[in-house]
Amino acid sequence: MAKLAVQHFNNGNVKSYTFLKLSKVNSRVVPHLGERGLDRALYYMTFEATEDMVGSPQNFQALVLSSEVDGKEVRFCRIETSNPPDLDLEDIPPLVMLTML
């Protein structure tokens, strides 16, 4: 999933980062309120990647949704900052907010 997140970041930012290693993963299952009643898993992850395999590795943060039917979807992937903003309910992508109700 981290490799999928790096690909998502590269496509949106015209970069060529390569996944190096996973640092941390937190996950939780969120009930899906749609017609199918399926659960989704949320994966919050931190990992290292480097651009063009040269230079210092960068720490990334990503949120990936996963379900058996819908597959995997990267909700965001960004380079980690030293002072990340507090995650507020308004900051959570809409799909996640709907599944939390």
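Report on the accompanying structure. (Residues numbered from 1 in each chain as written. Predicted model: local features only at pLDDT ≥ 70, side-chain atom pairs only at ≥ 80, totals over all residues. Heavy atoms only, no water.)

In the structure shown here, the tally under the stated rule is one salt bridge. Glu73 is paired through a salt bridge with Arg75; the nearest N and O atoms lie 2.8 Å apart. Look at Glu73 and you get partly exposed, because its relative accessible area is 32%. Given the relative accessible area of 22%, Arg75 is considered partly exposed. (Salt bridge = Lys/Arg side-chain N within 4 Å of Asp/Glu carboxyl O. Buried < 20%, exposed > 50% of the residue type's maximum accessible area, 1.4 Å probe, protein only.)

To continue, consider the side chain of Thr46. Within the element layout of this structure, Thr46 appears in strand β2 (residues 39-51). A residue is classified by how much of its surface remains accessible, and Thr46, at 19% relative accessible area, is buried. When near neighbours in sequence (up to four residues on either side) are disregarded, Thr46 contacts Leu22, Ser23, Lys24, Phe60, Gln61 and Glu80. (Helix = DSSP H or I, 4+ residues; strand = E, 2+ residues; numbered from the N terminus. Contact = heavy atoms within 4.5 Å.)

In this structure, Asn10 sits in helix α1 (residues 2-13). Judged by relative accessible area, Asn10 falls into the buried class, the value being 11%. Within the structure, the side chain of Asn10 is placed 2.8 Å from the backbone oxygen of Tyr17, a separation counted as a polar contact. (Polar contact = N/O pair within 3.5 Å; in protein donor to acceptor, adjacent residues only side chain to side chain.)

Buried residues dominate strand β3 (residues 58-67), accounting for eight of its ten residues. Bridging between β2 and β3 involves nine bridges; their strand directions are antiparallel. Along β3, the bridge assignment pairs Phe47 with Phe60. Pairing between β3 and strand β4 (residues 71-79): eight bridges, direction antiparallel. Among the inter-strand pairings, Leu63 is bridged to a residue of β4, identified as Phe76. Linking β3 to β4, which pair antiparallel, is a turn of three residues. (Pairing = 2+ DSSP bridges.)

Keep in mind these numbers describe shape, not what the thing actually does.
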